[in-house]
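Chains, contacts and geometry: an overview
Chain by chain, the residues:
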Amino acid sequence: MSGIVVIGAGQAGASLVARLRGVGYGGQLTLIGAEPVPPYQRPPLSKAYLKGDMDPERLFVRPKNFYADNGIDLRLGQWVSDIDPAAKTLKVGGDVLAYSQLALTTGSIPRRLPARIGGSLGGVYVMRGLADIDAMAPEFVEGRRLLIVGGGYVGLEAAAVATSLGLEVTLIEAAPRILQRVASAATADYFRKLHTDHGVRVLESTKLDHLLGDDRVRAAVLADGREIAADFVLVGVGVEPATALAETAGLKVENGIWTDALGRTSDPSIWAAGDCASFPHSSGRMRLESVGHAIDHAECVAQNMVGTGMTYVAKPWFWSDQYDTKLQIAGLNSGYDQVVERLGQGGSASVWYFGGKRLLAVDAMNDPRAYMVGKRIIEAGQTVQPNLVRDPTTDLRTLAPSAIGSS
Amino acid sequence: MPKITYIEHGGKEHVVEVTAGLTVMEGARDNGIPGIEADCGGACACSTCHVYVDPAWMDLLPAKEPMEEDMLDFAYAPDPLRSRLTCQIKVTDALDGLVVQMPEKQI
Ligand SMILES: Cc1cc2nc3c(=O)[nH]c(=O)nc-3n(C[C@H](O)[C@H](O)[C@H](O)COP(=O)(O)OP(=O)(O)OC[C@H]3O[C@@H](n4cnc5c(N)ncnc54)[C@H](O)[C@@H]3O)c2cc1C
Ligand code: FES
C-alpha cells in the first residue's frame, strides 16, 4: 500500500498534512519526524520558552490526538536515511516504505563552529530544537557569563532573555555590525542601543579565533588576541537548508532543494516546502526561513499534490521579540538602495526600504501600524512616496491601499 | 474548567473546556477548531486569530493593549465594538461561558 509520505515533522510538515486532509485527500498519509515530539513552534525557543515563561505543551502546533483523529500516521523519533526515487520507496529505521508522492519538509540545520576551534567543547550550544534548549536551560543562571557568537535575530533574542535573567552577556559579531545580512544600518542601530542599554556588551567587527577549555569551554580568544571569559557559549551564526537526503536521492539542489513554482522538485513525484526548499522568485530563486513562509508554502504544496496547480507567491513576514520591543518585518529588503526612517510615538520606529521607487520592505519596532500598512502596500504591488513616510504628521493609514479591513 | 463557545463563520458551534491560564486562541488550537489560524503562535504579530466577541462579554474582557488595537485595525473586516485577537485573551474562571464568533476569513 502506498500513499503520501511527508518527511520532516516541523512547522511545514504539520501544515502540509493538515491541508491535505483539509482539501479532502483521503488516501494513506504518513508524517515522519526525527525529533521525539510532535510538530512544535520554534520561535518561542529563543523567547518565552527559553525564559521559562512557557510550558512545553503550549509549543505544539496541533493537539496530540489531531494526527490519529485525522488518519495521519505520525512516526516520531525516526530518521529517513534514504530515498529511492526510481522504486518510489524510502528507508526509515529498519523499514522500507513505499510512496506514491513524497514531500520533503526537512527544515534547516544550524551552523556549528568547527571542532578544531573548540566547537565541540562542553558548554557550547546551538539553538534549533527543543532538545537544544532543554540542554542549555540549566546554564541560564543569574550571574553567569554567556558569550553569544553571531548578531542575528536568534542571537539577539537569546541575549535579551539571558540579560533579563541576570546573566552577563557578551555578543560578538564578525561583520561591521549586527544584523548585517538581514537589515539596514538604521535597524541595527536601534537594536544595538536597545541591547547596550540593557547591559549587553556588543562587539562588532569582532572575529572569534578559537574557544579555550579542556572538556568545557572557559574562554574565547578573538582574532586580535583578546580573551573573553565565558561560562558557556551560544553559537548563532545562521543555518543551512537540510538538503543531504535530497542530494543523495539525486534531486537538484540550488540554495536548498530546488522546486518549481508549484513546489515540485526535479522528480515529478517529490515535492518540498519550507526552510529546506528554494523556489522561483522574480527573476531568480529564493529561500526563506520563517514560520509564515513554512505554513504558506506547505499549504500551497499540499494543494498542488492533489492537482490544484497553484503558483506559490511568497508574502514574506517575520517577527522578533527582544525585551519590550516587538520587531515586525514585512517584505524582503534585498536590493534596497534607499532607507527612510520614521519615528512614531512612545519610542516606536520604523525603517522603510526602497529599491528605485518601489517599497520593498518595512522593519517596524513596536509599530504594528507601520508594519501592516507596509505589508498591504507591498502585497498590493504598490508603493509610497518616501517623503510622506518620513513626515511624522502623515497618518499612515491614509497610505495603505484602499479598503483597510476588507481585503 | 471554563467553557468557551466558538462559532464558525458558517454557524457551527463548538463548546469546549479550556484550562485557565491558556489563551482563547490556544483553546481553539488544542481542540482542533477551524477558523483561527494563529500563524505566529500567539505573539500578537499576525492577526490571524481574530474573532468577534459576543457584545455581552466585551466589557468583561481585559482591555486591549495598544499593540492588539493596531493589529486589529488591519485584520479582515474588523468591528471596533466586537473584534479581539484571541491570543491576547487569557482564559480565567470569570470567562466561563464566553462566546466568540469567527470572521469569514483571517486576513
Ligand atoms: C530559535 C529559533 C527562533 C525562530 N524565531 C522565528 C520567528 O520569530 N519568526 C519566524 O517567522 N521564524 C522564526 N524561526 C524560523 C522558523 O522556526 C522556521 O523557519 C520554521 O520552523 C521552518 O519550518 P520547517 O518545517 O521548514 O522546518 P523545521 O521546523 O525545522 O522542521 C523540520 C523537521 O524535519 C526533521 N527532519 C529533517 N530531516 C529529517 C529526516 N531525514 N528524517 C526525519 N526527520 C527529518 C527535523 O528534525 C525537523 O524536526 C525561528 C527558528 C529558530 C530555530
Ligand atoms: S496568533 Fe498571531 S496575532 Fe494572535
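Along each chain, residues carry numbers from 1 onward, in the same order as the chain's sequence is written. Lettering for chains starts from A, numbering for ligands starts from 1, and both go in the order in which the items are written. Confidence filtering applies because this is a predicted model: local features only for residues at pLDDT of at least 70, side-chain atom pairs given and counted only at 80 or more, and all residues used for totals across whole chains, interfaces and linings. Side-chain measures here rest on the full set of heavy atoms in the structure, leaving out hydrogens and waters.

1. Some remarks on the nonpolar core
Residues Trp 352 and Val 373 of chain A together with Tyr 6, Ile 36, Val 53 and Leu 98 of chain B are the most contacted members of the largest nonpolar core, which totals 56 residues. The leading source of residues in this core is helix α9 (residues 368-379) of chain A, at five residues. Throughout, a contact is declared for two residues whenever any of their heavy atoms are within 4.5 Å. Discounting chain neighbours no more than four positions away, the residues touching Trp 352 of chain A are Gln 338, Val 339, Val 340, Arg 342, Leu 359, Ala 361, Val 362, Ala 370, Val 373, Gly 374, Val 389 and Leu 396 of chain A. Core analysis: the next-biggest nonpolar cluster, separate from the first, contains 45 residues, Leu 146, Leu 156, Ala 188 and Phe 191 of chain A among them. In this description, a nonpolar core means a group of buried Ala, Val, Leu, Ile, Met, Phe, Trp, Tyr and Cys residues linked to one another through side-chain atoms lying within 4.5 Å. Remark: exposure states derive from per-residue accessible area (1.4 Å probe, protein chains only) relative to the maximum for the residue type, with buried under 20%, exposed over 50%, and partly exposed in between. Think of it this way: any DSSP run of H or I at least four residues long counts as a helix, any run of E at least two long counts as a strand, and we number them from the N terminus.

2. A look at the interface of chain A and chain B
Interfaces are often sized by the accessible area lost when the parts come together. In this complex, chain A contributes 25 residues to the contact, which on the side of chain B involves 27 residues. In short, buried area is how much 1.4 Å probe accessible area vanishes from two parts on joining, totalled over both. The junction of chain A with chain B conceals about 2100 Å² of combined surface from both sides, 58% of it contributed by carbon and sulfur atoms. Any Lys or Arg side-chain nitrogen located within 4 Å of an Asp or Glu carboxyl oxygen qualifies as a salt bridge. At the junction of chain A with chain B, the criterion picks out four salt bridges. Here Glu 26 of chain B ties to Arg 58 of chain A by a salt bridge, and the two come within 2.6 Å at their closest N and O atoms. Counting residues per element, the ones that place at least two in the side of chain A that touches chain B are α8 (291-305), β22 (317-322), β23 (325-331) and α9 of chain A. Top element by residues in the side of chain A that touches chain B is α9 of chain A. It accounts for six residues. Tallied by class, the residues present in the side of chain A that touches chain B amount to 12 nonpolar, six polar and seven charged. Polarity classes work like this: nonpolar for Ala, Val, Leu, Ile, Met, Phe, Trp, Tyr, Cys and Pro, charged for Asp, Glu, Lys and Arg, and polar for all others, with Gly in that last group.

3. Looking at unusual backbone geometry
Trans is the prevailing form of peptide bonds, just as negative phi is the prevailing case for residues other than glycine. One non-glycine residue, Asn 255 of chain A, lies in positive phi territory at about 50 degrees. Relative to the helices and strands, Asn 255 of chain A resides in the loop between α7 (244-248) and β18 (257-258).

4. A look at the pairing of strand β13 (residues 208-213) of chain A
Residues and elements named next belong to chain A. As defined by bridge partners, β13 adjoins strand β14 (residues 217-222) across five bridges and the pair is classed as antiparallel. Of the residues in β14, the one forming a bridge with His 210 is Val 221. The hairpin turn running from β13 into β14, its antiparallel successor, is three residues long. Two strands are said to pair when DSSP picks up at least two bridges between them.

5. A word on the UniProt feature "domain: FAD/NAD(P)-binding" (unreviewed entry) in chain A
UniProt positions are given in the numbering used here, feature names are shortened, and annotations may be inferred rather than shown by experiment. Mapped onto this structure's residue numbering, the UniProt feature "domain: FAD/NAD(P)-binding" (unreviewed entry) falls at residues 4-298 of chain A. In residues 4-298 of chain A, the share of helix is 22% and the share of strand is 28%. The end C-alpha atoms are 14 Å apart.

6. Topic: the confidence of the model for chain B
Do not read the predicted coordinates in detail wherever pLDDT is low. Per-residue confidence for chain B gives a mean pLDDT of 94; residues scoring 70 or more make up 100%. Complex prediction metrics read pTM 0.96 and ipTM 0.94. Every residue is assigned a pLDDT by the predictor, reflecting its confidence on a scale from 0 to 100.

7. A closer look at the site of ligand 1
All names here are of chain A. Neighbouring residues are identified by heavy atoms, a residue being near a molecule or strand if any of them is within 4 Å of it. Around ligand 1, the structure places 31 residues, and the nearest of them are Ala 12, Glu 35, Lys 47, Arg 128 and Asp 275. In the environment of ligand 1, an oxygen atom lies 2.9 Å from a nitrogen or oxygen atom belonging to the backbone of Val 291. For ligand 1, the protein covers 95% of the area, taking 1000 Å² as the surface of the free molecule. Those elements giving two or more residues to the shell around ligand 1 turn out to be α1 (11-22), α8 and β22. Residue composition of the shell around ligand 1, grouped by class: 14 nonpolar, 11 polar and six charged. If you count residues domain by domain, the shell around ligand 1 takes at least three from each of domain 1 (3-109 + 239-305) and domain 2 (112-235). Two N or O atoms form a polar contact when they lie within 3.5 Å of each other; inside protein one atom must be a possible hydrogen donor and the other a possible acceptor, and for residues adjacent in sequence the pair counts only when both atoms belong to side chains. Residue burial considers only the protein chains on display, and all accessible areas are found by Shrake-Rupley using a 1.4 Å probe. Where each domain begins and ends is defined by an automated method or by a domain database.

8. Some remarks on the packing of aromatic side chains
Residue and element names in this part refer to chain A. Classification of ring pairs uses Phe, Tyr and Trp, with its six-membered ring standing for Trp, and accepts pairs whose centres are within 6.5 Å; under 30 degrees between planes counts as stacked, over 60 as edge-to-face, and the remaining range as tilted. Scanning the entire structure with this criterion turns up eight aromatic pairs over all chains. Ring centres 5.3 Å apart and planes at 90 degrees place the aromatic pair Phe 66 and Tyr 67 in the edge-to-face group. Clustering of aromatic rings is evident, with ring pairs tying together Tyr 125, Phe 140 and Phe 232. Consider the ring centre and the ring normal. A charge sits over the ring if Lys NZ or Arg CZ is within 6 Å of that centre and within 35 degrees of that normal. Its end group placed over the ring of Phe 66, Arg 62 keeps NZ or CZ at 4.8 Å from the ring centre. Stacked on the ring of Trp 258, the Lys or Arg Lys 252 has its end atom at 4.7 Å from the ring centre.

9. A word on the side chain of Lys 375 of chain A
All names here are of chain A. Here Lys 375 shows up in helix α9. Overall, Lys 375 belongs to the buried group, its relative accessible area being 11%. Discounting residues that sit within four places of it in the chain, Lys 375 has contacts with Lys 315, Trp 317 and Ala 330.

10. Considering the sheet that holds β13 of chain A
Residues and elements named next belong to chain A. Sheet architecture is open: three strands sit in the order β13-β14-β15, paired in antiparallel fashion. The open sheet has two edge strands with one neighbour each: β13 and β15 (227-229). Across the sheet, the axes of successive neighbouring strands diverge by a mean angle of 25 degrees, strand direction being ignored. Summarising the sheet, β14 and β15 pair through three bridges and their orientation is antiparallel. Bridging from a neighbouring strand, Ala 219 pairs with Ala 229 of β15. Here an axis means a line fitted to C-alpha atoms, over the contact stretch when the element is a helix, while the angle between two N-to-C directions is reported on a 0 to 180 degree scale.

11. Some details on the sheet that holds strand β4 (residues 80-84) of chain A
All names here are of chain A. The strand order across the open sheet built from three strands is β4-β5-β6, with neighbouring strands paired in antiparallel fashion. Two strands bound the open sheet, and with one partner strand each, they are β4 and β6 (95-98). Each strand axis lies, on average, 25 degrees off the axis of its neighbour in the sheet, ignoring direction. Where β4 meets strand β5 (residues 89-92), four bridges bridge the pair, whose relative direction is antiparallel. Bridge pairing links Ile 83 to Leu 90 in β5.

12. Focus: the state of the cysteines
Residue and element names in this part refer to chain A. By disulfide we mean two sulfur atoms from cysteines, separated by a distance within 2.5 Å. Going through the model one piece at a time under the given rule, you end up with zero disulfides over all chains. Left unpaired, Cys 276 is separated from the closest cysteine sulfur, that of Cys 300, by 14 Å. Residue Cys 276 is classed as buried on the basis of its relative accessible area, which comes to 0%.

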